[in-house]
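# Structural overview
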Amino acid sequence: MIHPLTWLYVPGDRPHVVTKALSCGADVVVIDLEDAVAPDRKEYARTATAELLSAAQPVPVHVRINALGGPLATADLEAVAALPGVSGLRLPKVTSPAQITGIAGSAPGPLYALLETALGVEHAYAIAAAHPSLRGISLGEADLRADLGIREDAGLDWSRSRVIVAARAAGLAPPPQSVHPDIRDLEGLAASCAHGRTLGFLGRAAIHPRQLPIIERAYLPTQREIEEAETIVKAAANEPGAQALPDGRFIDAAVVAAAQRTLSLARRF
């Protein structure tokens, strides 16, 4: 299975924008019924989304419903959870594994939890391991900043690493980064993606199509990384087991597995 690198969020009350987003090249389109929709537009957003997703779509489409436990989330689930065009549900402001187990029986298909508070981050592993229907966790950094009172971006790095480790410990894919909110700051986006990659993220959420190629370039292997991975895999095929390459690099099973992941990512296109 090809791992998504780009997750494009679009507001659910703008179906014409959603339709355009489906053909803009994003790996996953996320229709947002929560933060991007004003309170007086919630019902329209839900109805428009249900109508659009009554048929299968050309790319995977996830729906971010409203916060669990409220009437809006209940109405969202009743309207969209079982539609053929829905490939996954994104659950905002998750703080406990009970929220995942409570929804798993009534919401078919993959679930993705957004951790947006200190309590959510604190329970990251328990949430990640809560139910087989949960396929991923990620941070909602805007809300987390507000909850923690963080002003500098580096202040989020501990929470980022916590969520990445929790996801991998639970056997889930590496999480995508949270959105870069300035759609004109492509230089800053590229630098932020480079930093996220060093932390262990894989891919990123976006809020505008112009961000997609920046994210892809940041997370796809470079030509040098591909060549190094090919050298490692070839050496392992010729001589199984731990060994030293001619240039002095030591390789073992873990290094080979990482090289294979690099080549698998490179072959996604």
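All values derive from a computational prediction rather than experimental measurement.

### Details of the side chain of Gln 243
- Relative to the helices and strands, Gln 243 is located in strand E8 (residues 243-244).
- A polar side-chain atom of Gln 243 sits 3.2 Å from the main-chain carbonyl oxygen of Ala 235.
- Within the local environment of Gln 243, its side chain forms a polar contact with the backbone oxygen of Glu 239, the two atoms lying 2.7 Å apart.
- Once residues within four sequence positions are removed from consideration, Gln 243 is found in contact with Ala 235, Ala 236, Arg 249, Phe 250 and Ile 251.

### Observations regarding the sheet that holds strand E3 (residues 61-64)
- Pairing is parallel in the open sheet, where seven strands are placed in the order E6-E5-E4-E3-E2-E1-E7. In the strand order of this sheet, the two ends are held by strand E6 (134-139) and strand E7 (204-206), each with one partner. Mean inter-strand twist for the sheet, computed between neighbouring axes without regard to direction, equals 25°.
- Pairing of E3 with strand E4 (residues 88-91) involves three bridges; the strand directions are parallel. By the bridge assignment, Arg 64 is partnered in E4 with Arg 90.

### Re the packing of aromatic side chains
- Applying the stated rule across the entire model yields one aromatic pair.
- With a centroid separation of 6.0 Å and 70° between ring planes, the pair formed by Trp 7 and Tyr 112 is classed as edge-to-face. Separated by 105 residues along the polypeptide, Trp 7 in strand E1 (residues 6-11) and Tyr 112 in strand E5 (residues 111-115) bring together distant segments of the chain.
- You can call Trp 7 buried: its relative accessible area is 5%.
- Under the relative-accessibility criterion, Tyr 112 is labelled buried at 15%.

### A short note on unusual backbone geometry
- Its identity is not glycine, yet Lys 93 carries a phi of approximately 55°, on the positive side.
- Relative to the elements of secondary structure, Lys 93 occurs in the loop between E4 and helix H4 (97-104).

### Some words on the layout of surface pockets
- One number sums up the size of the largest pocket: a volume of about 820 Å³.
- Around the largest pocket, the lining is made up of 26 residues, and of these Leu 202, Ala 258, Arg 261, Thr 262 and Leu 265 lie nearest the centre.
- Of all the secondary-structure elements, those providing two or more residues to the lining of the largest pocket are helix H8 (157-169), helix H11 (223-238) and helix H12 (253-266).
- Among the elements that line the lining of the largest pocket, the one with the most residues is H12, at seven residues.
- The space that makes up the second largest pocket amounts to roughly 660 Å³.
- Along the walls of the second largest pocket sit 35 residues, with Tyr 9, Ser 178, Val 179, His 180 and Ile 207 positioned nearest its centre.
- Elements with a minimum of two residues in the lining of the second largest pocket: E1, helix H1 (15-21), E6, helix H7 (141-148) and E7.
- Of the residues that constitute the lining of the second largest pocket, the class distribution is 16 nonpolar, six polar and 13 charged.

### Here we look at the nonpolar core
- Counting residues in each nonpolar core, the largest one holds 63 residues, and the members touching the most others are Ile 65, Leu 89, Leu 91, Leu 115 and Ile 137.
- Ranked by the residues each element gives to this core, the list is headed by helix H10 (residues 212-219), at five residues.
- Apart from the residues lying within four places of it in its own chain, the contact partners of Ile 65 are Leu 33, Glu 34, Ala 73, Asp 76, Leu 77, Leu 89, Arg 90, Leu 91, Pro 92 and Ile 103.

Calculation rules
- All residue numbers refer to positions counted from 1 along the written sequence of the respective chain.
- Selection of residues for local features in this predicted model requires a pLDDT of at least 70, selection of side-chain atom pairs for listing and counting requires 80 or more, and totals for whole chains, interfaces and linings are taken over all residues.
- Water and hydrogen atoms were dropped before computing side-chain values, which therefore reflect all heavy atoms in the structure.
- Starting at the N terminus, helices and strands are each numbered in turn, a helix being any DSSP run of H or I of at least four residues and a strand any DSSP run of E of at least two.
- Two N or O atoms form a polar contact when they lie within 3.5 Å of each other; inside protein one atom must be a possible hydrogen donor and the other a possible acceptor, and for residues adjacent in sequence the pair counts only when both atoms belong to side chains.
- Here, two residues are considered to be in contact whenever any of their heavy atoms come within 4.5 Å of each other.
- Pairing between strands is defined by DSSP: at least two bridges between them are needed.
- Inter-axis angles, ranging from 0 to 180 degrees, are taken between N-to-C directions of lines fitted to C-alpha atoms, where helices are fitted over the stretch in contact.
- Stacked, tilted and edge-to-face are the three classes applied to pairs of Phe, Tyr and Trp rings, where Trp contributes its six-membered ring and a pair requires centres within 6.5 Å; stacked means planes under 30 degrees apart, edge-to-face means over 60, and tilted covers the rest.
- Accessible area is worked out with a 1.4 Å probe on protein chains only. A residue is then buried under 20% of its type maximum, exposed over 50%, and partly exposed in between.
- A pocket here means an open set of points on a 1 Å grid, computed over the protein atoms alone, that has protein on both sides within 12 Å along at least five of seven lines. A cavity is instead a set of points where a 1.4 Å probe fits but cannot get out; residues with an atom within 4 Å of a point line either one.
- Grid points are joined across faces, edges and corners, and a volume is the space filled by probe spheres set on the points.
- Here the nonpolar group is Ala, Val, Leu, Ile, Met, Phe, Trp, Tyr, Cys and Pro; Asp, Glu, Lys and Arg are the charged ones; every other residue, Gly included, is treated as polar.
- The set of buried Ala, Val, Leu, Ile, Met, Phe, Trp, Tyr and Cys residues whose side-chain atoms join them within 4.5 Å is what this entry labels a nonpolar core.

Geometric values such as these leave the question of function open.
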